[in-house]
Amino acid sequence: MALRLKSALLTSSLLIALSFTFERQAHAYVDPGSSLLLFQSLSAVVSGALFYFRRRIKSLFSRSAITPSKPAASISAAANSPVGSPVNASVHGRR
């Protein structure tokens, strides 16, 4: 197994060395506008993600006070009042 691994590594290193030995000159260049297009694409993705997740990001940095859904005074008044009283009816949504 070790002999096969050594043989494979030697073969691949020789192929890489030969490819650098016989390289040809490329008559091409990268246009400066290509890098600007890549930069614009990346900035559009980042700003789009920030806009999409803006509420979640805002909730990370803001403090939200925990407010009870019903005031404690109305709950204690409803517990002490009779069933047909206006206080108990307003707590349960009846008039």
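Computed from a prediction, not measured in an experiment: that's the story for all the values here.

Caption draft 1: Structural view of the overall build of the chain. For the chain, the helix and strand inventory stands at 5 helices and 0 strands. In sequence order, the secondary structure elements of the chain are arranged as α-α-α-α-α. Out of the 95 residues belonging to the chain, those deemed buried represent 5%.

Caption draft 2: Focus on the packing of aromatic side chains. According to the stated counting rule, one finds 1 aromatic pair in the structure shown. Seen from their ring centres, Tyr 52 and Phe 53 are 4.9 Å apart, and the 85 degrees between their planes marks the pair as edge-to-face. Judged by its relative accessible area of 37%, Phe 53 is partly exposed. Note that Arg 54 overlies the ring of Phe 51, its terminal NZ or CZ placed 4.2 Å from the centroid.

Caption draft 3: Geometry of helix H2 (residues 32-52). With 21 residues, H2 ought to run about 30 Å at 1.5 Å a step, and its terminal C-alpha atoms sit 31 Å apart, in line with that. Among the 21 residues of H2, 0 are classified as buried, and the element is accordingly described as predominantly exposed.

Caption draft 4: Quick peek at a nonpolar patch on the surface. A surface patch of nonpolar side chains, amounting to about 810 Å² of accessible area, comprises Val 46, Leu 50, Tyr 52, Phe 53, Ile 57, Leu 60 and Phe 61. Elements represented by at least two residues in the nonpolar patch include exactly H2 and helix H3 (54-61). When you line up the elements, Leu 50 lands in helix H2.

Caption draft 5: Here's a closer look at the confidence of the model for the chain. The predicted model of the chain has a mean per-residue pLDDT of 77, with 66% of residues at 70 or higher. No element of the chain has a lower mean pLDDT than helix H5 (residues 86-91), at 54, and none a higher one than H2, at 91.

Reading the values: the criteria
- Residues numbered from 1 in each chain as written.
- Predicted model: local features only at pLDDT ≥ 70, side-chain atom pairs only at ≥ 80, totals over all residues.
- Heavy atoms only, no water.
- Helix = DSSP H or I, 4+ residues; strand = E, 2+ residues; numbered from the N terminus.
- Buried < 20%, exposed > 50% of the residue type's maximum accessible area, 1.4 Å probe, protein only.
- Phe/Tyr/Trp six-rings, centres within 6.5 Å; stacked < 30°, edge-to-face > 60°.
- Lys NZ or Arg CZ within 6 Å of the ring centre and 35° of its normal.
- Expected span 1.5 Å × (residues − 1).
- Patch = residues over 30% accessible without salt bridge, like charges linked within 9 Å, V, L, I, M, F, W, Y side chains within 5 Å.
- Areas by Shrake-Rupley, 256 points an atom, 1.4 Å probe, with all protein chains shown as cover.
- Salt bridge = Lys/Arg side-chain N within 4 Å of Asp/Glu carboxyl O.
- pLDDT = per-residue confidence, 0-100.

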